[in-house]
Each structure stands twice: as structure tokens, then as C-alpha cells.
Amino acid sequence: MEAAWARLAAHHKSVAARPISTLFAHGDRPAEFSATACGFLFDYSKTNIDREGRELLLELAEAAQIGTARAAMFTGEKINRTEGRAVLHTALRALDAEVQVDGQDVMAAVRATHARMCTFAEAVRSGAFTVSGGAVRDVVNIGIGGSDLGPAMACLALAPQADGPRCHFVSNVDGAHVHDVLAGLDPARTLVIVASKTFTTIETMTNAGHVRDWLAAAGLDPAAHLVALSSATGKTAEWGIPPARVFGFEDWVGGRYSVWGPIGLSLMLAIGPARFNDFLAGAAAMDRHFREAPLQENLPVLLALVGIWHNQICGHATRAVLPYDQRLARLPAYLQQLEMESNGKRVAMDGQDLTRHSGPIVWGEPGTNGQHAFYQLLHQGTRIVPAEFLIAARGHEPDLDNQHRLLIANCLAQAQALLEGRSLETAREMMAARGFTGDDLEMQARHRVFPGNRPSTLLVYERLSPAALGGILALYEHRVFVEGVILGINSFDQWGVELGKELALALAPALEGEAVPAEPSTAALVAHLRALRGEA
């Protein structure tokens, strides 16, 4: 592995000063540096990866034994070594597969839970299942992290297909969140989904307790309105939730990979079981492609290798995810968790310190809004931020197709501008044509120089359908996996989440005036906050 890394570093050093645009002078670069599968085109021609660089990246992937690691994941080996767990979110969308963990077929239970979800969703959507005030009008999903980001993102993304009850999401323990979501809802017509595998997540259970009180204050039986997405059946029973409305999942489904199963119940209620199955099918198609396609044609592998090139080789610490699709507004936040919680590690699988940086900082916003916010930095800032654009060929509003064409034009123009930039000579000509002369001309021209040579990729799809969304999410999941394998880290634990949670629980008594924190700055802040609250 180290030899492969060294060869890549040496190659990068030899080409770092080369303008990306010069790579288009020979051959059909757009065709050679793109790949298609599952209805997607992935174009990575606007990067400084050339044929030699790609071969070296593929050698790195081979040296990391991607194929062996991939097979281990799909067949249920316990690749999450720090927790001793298999990693089988892919099984949730492969309902006709046979997968074993510890010698036991797990798919019968997966299929049974999926069937129960479908039956319940159909009953809610048809009005056969009722709450205190009749048919369900609104659904409130209470979760946090993967129990919120996935379904919240997907419900927004698939709004054109949503013909069921309205779905709302509560995640933040800040009381403002649950207050604002419940405002205007009729408790008698509201179904509440509490999503917590252990039924102990402090933010989720605090919010759930408030919603239970909200239902009771309206003179309703809260248990008649509650659904649990949890494997802690003893705790759900304490809340009075009947077993028929408890949907569990195994410990081999990580939170940020869980939208495919019970955590996706709110999405199924919104769009219906048939469309939810299309969502699963789109992801399953990407799974098959990931398992079967050669590395040089494999979309998740190529996306991962571009990420490795930009982050570990070129040293670009962040990547911007830029969906030119308003309904993918929550995708950057979803990918923040998927990528940064998975690959934001500092030690290798064996516990030794990493010798190179792990995953990048992931951020972004949908276009065209981002163009009027942070693209200034992308184009003229002193740091290079690789951009990952996403664009659909068609929208869902035929009468607004002229606006979708403008959206596409903006997406392509931004990628072209990042690539080509604008030279000082051109800027001088522009300013001279506007009547500037002398020092004023030079100053004005320099402000209008775009260095260009800034890399981007583009993922193109026909339209944002349930299947397309499933494919996009699976593509990024496998990208994270490949990058993690190459970096030698465990992408499926998240110990960095734990320390702050432990300290928050320990600080709760101090905020009640029952203890003084040992750490002096925290103690001073607690005292100041208590004084502002009139509790000192």
C-alpha cells in the first residue's frame, strides 16, 4: 500500500501545476473520463486525473483489496471490528437475497418486517387504520442523526410522489423544534413515530415525552397515536405501544445507513409501499453494479478514487456537494453525516494512528442558491474546494421546463467557470472596453480574474424518481466504504459521538445547581448561564 501511495504522490507532484483544461487537447476526454451505470452518468473529466493517475489510483484500490472487502461486507462478515458487527444495510434492499450472519439466514426476518411495514402503511394511507380523531392527517417522526436525516431528506426529495399523510420531523432537543413542528397540528389526527433503536436516545426520548404530554393534554390516549422504530421491545411496552406498531432492526444496520428499513417508515407512509420499493430497487441496482462492474468502470469506486485524489493526494481538505435540484436541499447534510461520521477517524483499524488525513469536510447547498452565497470563495478564494455537482435532465413540472433548462445552464456554466476561469489579459480587455485606463484599469481587471483550474465532477440522471434517489444514496454509501477501506479505517463505528453525550449527561446536575463542574471554564459558563436564568 505505501508504495502505491508513494507513486501517486510522485505523480501528483509532476502534474500539480498543469492546467486541467490542457487535458482536453488530446482524444475524447469527456468520454474516456466518465462512466455510466444504473441510469447515471458520472463525469470526472474536469479533474487533474490523467490516464497515468487513474491507473495509479486503480492500483491503490487493488492494493487495498477492495474486492475482498466488498465481498466480506455483502456476505455478512463482521467487518465492523470495534463493535463485532456485520454491516448489512444492503440486505434491507435485497429482499430476494440470501444472507447469513453467524450461520443464520437473516433475510426471513428482514422480509417479514418489510411486509409488516407495507401492511401498516397501506392501512394508514387508506384510512383503515385510525387514530383518536379518525384517519391520520399528519405524521411526526421523532429521531436524531440517521433516524432523522435519512427520512427527512428523502421525504423532501420525493415530494412529487407524496400522496399520503403529511410528514414532519423533530430532531433537535431544543424545545423550539418540537414546539414549532406541533404548532397547527391537530393531535387527534396525528400519528407519532418514535425512532430510537435502544429507546434511550436522550434527545429523541425527551422530545417523545413532550409529544406524549401534548397528546394527553388534548384528552387523548397517547398509546393510540404512537409507533416505535426500535428493537427494545421491553421499553416500547412501557410506553404502551402495542407490538403490532413496533418495527425493529438488527445491530448490523447502522443509523446513518438505516433509511432502507423501519427508519424509512415515514417515507413509506408519504409515498406508499410501491414507490418505496422502487426506492429500494434503485439502491439494489447500484449494489449489483458495485459488486459486478470492473473497478475502472465502477461508479462508487471511481467516485471514491476521485475523492482520495483530491483529499489525500492533492491536500484539498473539503468537498462541496452541489445538487442542482431544490428537492435535494437536505442531501449535503445527509452526506455530511454519512461521510464525516463514517470516515472522520484518526486511527486505523488496528488502533494505530493514521499516517495521512482521513475523510474530508463535506458541505454544500443546492444550486442556484449557493451561487449567491459561497461560490465567490469557490471561484476566487485562496483555497481550492473540489465541487461535486448533481443535475437531472428533467424536472417534475412540465409547465416550468424553461426554468429547468436555466437550472441546467447554471450548473454547467459553474463547472465550466471553475475549470477555465478568466485570465488577467481578458479582464483587462473587458475593463478597457468599459472605459477604464491606467491604474484604475489594472485594479478593476485584477478583481475580475478567475484563476480557474478548479476541479469538479458531475453526476447526471434523467429525473429525481424514487429509484434515482435510491441509486444516488447507495452510490455515496459505497463511495464511503471504498474510501474507508483504502484508508484502512472502520467506517461503521462512531465513537466520536459518545464523549459529548456522556459529558452532557454529567453536566445536567450542574445546571440544576446540584454540582460544580471540575473544568473551570465550564464551571464559569454554567454559573453565568444560571445567573442569566435567575437561578444563581
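This text goes with the structure placed above it.
Residues numbered from 1 in each chain as written. Predicted model: local features only at pLDDT ≥ 70, side-chain atom pairs only at ≥ 80, totals over all residues. Heavy atoms only, no water.

Where helix 11 (residues 273–292) meets helix 18 (residues 466–487), the axes come as close as 7 Å, and the angle between the chain directions of the two elements is 40°. By the angle between their axes, helix 11 is oblique relative to helix 18. As helix 11 packs across helix 18, the resulting crossing turns out to be right-handed. On the side of helix 11, the interface is formed by Arg275, Asp278, Phe279, Gly282, Ala283, Met286, Asp287 and Phe290, while helix 18 contributes Pro466, Ala467, Leu469, Gly470, Gly471, Leu473, Ala474, Leu475, His478, Phe481 and Val482. Tallied by class, residues from the contact of helix 11 with helix 18 come to twelve nonpolar, four polar and three charged. (Axes fitted to C-alpha atoms, helices over the stretch in contact; angles between N-to-C directions. Helix = DSSP H or I, 4+ residues; strand = E, 2+ residues; numbered from the N terminus. Parallel < 35°, antiparallel > 145°, perpendicular 65-115°, else oblique. Left-handed = near helix turned anticlockwise from the far one by under 90°. Contact = heavy atoms within 4.5 Å. Nonpolar A, V, L, I, M, F, W, Y, C, P; charged D, E, K, R; others polar.)

Next up on the list: the state of the cysteines. A complete count under the given rule lists zero disulfides for this structure. Free of any disulfide, Cys155 has its nearest cysteine sulfur in Cys167, 4.5 Å distant. Cys155 sits in the buried class, given a relative accessible area of 13%. (Disulfide = S-S within 2.5 Å. Buried < 20%, exposed > 50% of the residue type's maximum accessible area, 1.4 Å probe, protein only.)

A separate point is the layout of surface pockets. Put simply, the largest pocket is a space of about 1,000 Å³. Every residue lining the largest pocket is counted, 38 residues in all, and those nearest its centre are Thr201, Gly255, Gln494, Glu498 and Lys501. Mapped by element, the contributors of at least two residues to the lining of the largest pocket are helix 6 (146–157), helix 8 (202–217), helix 13 (331–343) and helix 19 (498–511). Residue classes in the lining of the largest pocket are distributed as 14 nonpolar, 15 polar and nine charged. Its boundaries defined by the atoms lining it, the second largest pocket holds a volume of some 530 Å³. Residue contributions to the lining of the second largest pocket peak at six residues, all from helix 15 (residues 401–420). (1 Å grid on protein atoms, 1.4 Å probe; cavity = no way out; pocket = protein on both sides within 12 Å on 5 of 7 lines; lining within 4 Å. Points joined across faces, edges and corners; volume = space filled by probe spheres on them.)

Attention now moves to helix 5 (residues 107–126). With 20 residues, helix 5 extends 28 Å from end C-alpha to end C-alpha; this agrees with the ideal 28 Å at 1.5 Å per step. For helix 5, every residue scored as buried is listed here: Met107, Val110, Thr113, His114, Met117, Cys118, Phe120, Ala121 and Val124. Looking at the packing, one finds that the buried side of helix 5 touches strand 4 (104–105), strand 9 (190–195), strand 10 (226–229), strand 11 (246–247), helix 10 (265–271) and helix 11. A positive phi of about 90° marks Gly127, the residue just after helix 5. (Expected span 1.5 Å × (residues − 1).)

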